[in-house]
Amino acid sequence: MRYVSTRGKAPVLSFEEAMLTGLARDGGLYVPETIPTLSADQIAALAGQSYEEVAFTIMRPFIGDAFTDEEFRAIIARAYEGFGHAARAPLVQLGANHFLLELFHGPTLAFKDFAMQLIGQLFQAALERSGDRVTIVGATSGDTGSAAIEAFRGLDNVDVFILFPHGRVSEVQRRQMTTPIESNVHALAVDGDFDDCQAAVKDMFNDFDFRDSVGLAGVNSINWARVLAQVVYYFTSAVSLGAPHRKVSFTVPTGNFGDIFAGYIARRMGLPIDQLVVATNQNDILHRALSTGGYVKDGVTPSISPSMDIQVSSNFERALFDVYDRDGNAVAQLMEELKSQGGFQISQGAMQKLGETFASGRASEEETTATIRATFATTGEVLCPHSAVGVKVAEEQISGATPMITLATAHPAKFPDAVEAATGERPPLPKRMADLYERSERLSRVANDLSAIEALIKERRSV
Ligand SMILES: *Cc1c(COP(=O)(O)O)cnc(C)c1O
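Numbers given to residues run from 1 along each chain, matching the order in which its sequence is written. Local features in this predicted model are restricted to residues of pLDDT 70 or higher, and side-chain atom pairs are both shown and tallied only at a pLDDT of 80 or more, whereas totals for entire chains, interfaces and linings draw on every residue. Values reported for side chains reflect all heavy atoms of the structure, with hydrogen atoms and water molecules removed beforehand.

Chemist: I would appreciate a short explanation of the site of the ligand in the present structure.
Modeler: One heavy atom within 4 Å of a molecule or strand makes the whole residue count as near it. In the vicinity of the ligand there are 15 residues, among which K112, D143, G255, N256 and T409 approach most closely. Under this definition, polar contacts are N or O atom pairs within 3.5 Å; protein pairs additionally need one hydrogen-donor-capable and one acceptor-capable atom, and for neighbouring residues in sequence, both atoms have to be side-chain atoms. D143 is positioned such that a nitrogen or oxygen atom in its side chain is 2.5 Å from an oxygen atom of the ligand. Using a 1.4 Å probe, accessible areas were evaluated by the Shrake-Rupley method; residue-level cover was limited to the displayed protein chains. Relative to its unbound accessible area of 380 Å², the ligand is 97% covered by the protein chains. Each residue belonging to the shell around the ligand can be placed in one class, and the counts come to five nonpolar, seven polar and three charged. Ten residues, namely Ala, Val, Leu, Ile, Met, Phe, Trp, Tyr, Cys and Pro, are considered nonpolar, four, namely Asp, Glu, Lys and Arg, are considered charged, and the remaining ones, Gly among them, are considered polar.

Chemist: Please explain the sheet that holds strand β15 (residues 444-446) as it appears in this structure.
Modeler: Hydrogen bonds along the backbone pair up the strands of a sheet, which may run parallel or antiparallel. With parallel pairing, five strands are arranged side by side in an open sheet as β8-β5-β6-β7-β15. The open sheet has two edge strands with one neighbour each: β8 (216-217) and β15. In short, DSSP must find at least two bridges between two strands for them to pair. In DSSP terms, a helix is any run of H or I states spanning at least four residues, a strand is any run of E spanning at least two, and both are numbered starting from the N terminus. Of the strand pairs in this sheet, strand β5 (residues 134-139) and strand β6 (residues 158-165) are connected by six bridges, and their pairing is parallel. Bridge pairing in β6 links V137 to F161. In this description, contact between two residues means that some pair of their heavy atoms is separated by no more than 4.5 Å. Convention adopted: a line fitted to C-alpha atoms gives each axis, helices being fitted over their contacting stretch, and angles between N-to-C directions are expressed from 0 to 180 degrees. On top of the sheet, helix α6 (residues 143-152) reaches β5, β6 and β7 (185-190); it is set at about 165 degrees to β6, its chief contact.

Chemist: Help me out: how do you make sense of unusual backbone geometry in this one?
Modeler: Here the amide bond leading from A243 into P244 is cis, since omega sits at 5 degrees, within 30 degrees of zero. Here P244 shows up in the loop between α10 (224-240) and β9 (248-253). Positive phi is not limited to glycine here, since L109 has a value of about 65 degrees. By the element assignment, L109 lies in the loop between β4 (98-102) and α5 (112-130). A simple rule labels every residue: compare its accessible area, found with a 1.4 Å probe on the protein chains alone, to the largest value its type can have, and call it buried under 20%, exposed over 50%, or partly exposed in between. Taking relative accessible area as the criterion, L109 reaches 0% and is therefore assigned buried.

Chemist: What am I meant to see in the pattern of salt bridges here?
Modeler: Between side chains of opposite charge, a pair can form when the charged atoms approach closely. Put simply, a salt bridge is a Lys or Arg side-chain nitrogen that is within 4 Å of an Asp or Glu carboxyl oxygen. According to the stated counting rule, one finds 25 salt bridges in the structure shown. Of the charged contacts in the structure, one is a salt bridge between R60 and D69, with a shortest N-O distance of 2.4 Å. Relative accessible area serves as the criterion here: at 38%, D69 is assigned to the partly exposed category. Residue K414 is joined to D143 by a salt bridge in which the shortest nitrogen-to-oxygen separation is 2.8 Å. Highlighted residues: K414 in the loop between β14 (404-408) and α18 (416-423) and D143 in helix α6, separated in sequence by 271 residues. The class of K414 is buried, set by a relative accessible area of 0%. When salt bridges with common partners are traced through the structure, they connect E171, R174, R175 and E441 into a single cluster.

Following this line, the structure appears as structure tokens:
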């Protein structure tokens, strides 16, 4: 299996190379050259299998000869053994035709653990073999950073630096990043917003001297291996509800478009998904783009669902690449317009193709709070604000007999203030992390300035 860049001008790579590289050298994102498909019989055969078994079947064709079957099975087993639920991604019912996929039973209580725990084990196995060292740098609006730190803490050949917007992540998110004691973990509080952090990481990847001198590797949601890991739970949940014999739809609380793009890959692989619904908060560039064709930046307004507070949505580029018939030059031109003019218009043909798969909706702050309250009252299920955005948008989209699965992307205890404001009850942390508020913190505050950040990374990494 070979991987090509969405901008068409970077070297073609293997799975392992694409995973270790992250962002392509032409500024694009790596995607598989072809998408393997499963027959209806092969999908039906997944029924009743463990999460790990399904993960092996779904991901195996994408990894080429990077690992033997035996190695890959062991990597998957280690990735998910720290989860707090035997089913890994259990489904619960919210209404007649509405189901919630709980993706928050991993070590940092957000769906990002599904990808990050796997990628930690994949990196470890690849670097052990080559003897190389890498410096992982990532930007986070909260959940990615804690998931990355949890996945890489204490691993031998890796330093991990996470840039987060100072003062703009929840206390639980911050503490998950600042309390690990391992010396290869570095939490950097940047004086800026999430887009500033993300831009700094992009600039570091485009600074080839720096990139090569520290062995930069990226694990942000643009890393293909992360998207791949997330494809698995679309299969496990759809099959539990009767796929491939009946269609299902999904609603996905969306920020960088990584999670929902995994659903798009599942659909391309043959899973009978009717609609993939993009749910945004008030930072709704994707909802506006999918409903009007104009992908236009509009600043970021902080919300109670901070992990979806984005101005531009990096993984959307992968969807554009497909609906522009895999024309890297066309995608490069759109991204150039985004940079120089702050936006671009999606062509009619591309909009039509997007509309065959995607629908969208947005939830305001008031609607999000009202949904947390109403869902608690009618089902007893406590939603985090991100999941509530999904549930609100899903309720508008449910139609006919097709079951709707909404992805619950974080545990409510990660966002206790917003949840308490809605339900009157403060959601407790699961027992295994109940002492988080007592652990001591360690972080470095840094200016929103590329050379200052690069200097800090060079100084702190262990050589
Ligand atoms: C990251 C995140 C999202 C958004 O996921 P994308 O893959 O960036 O679209 C939604 N909810 C939570 C809780 C998250 O951590």
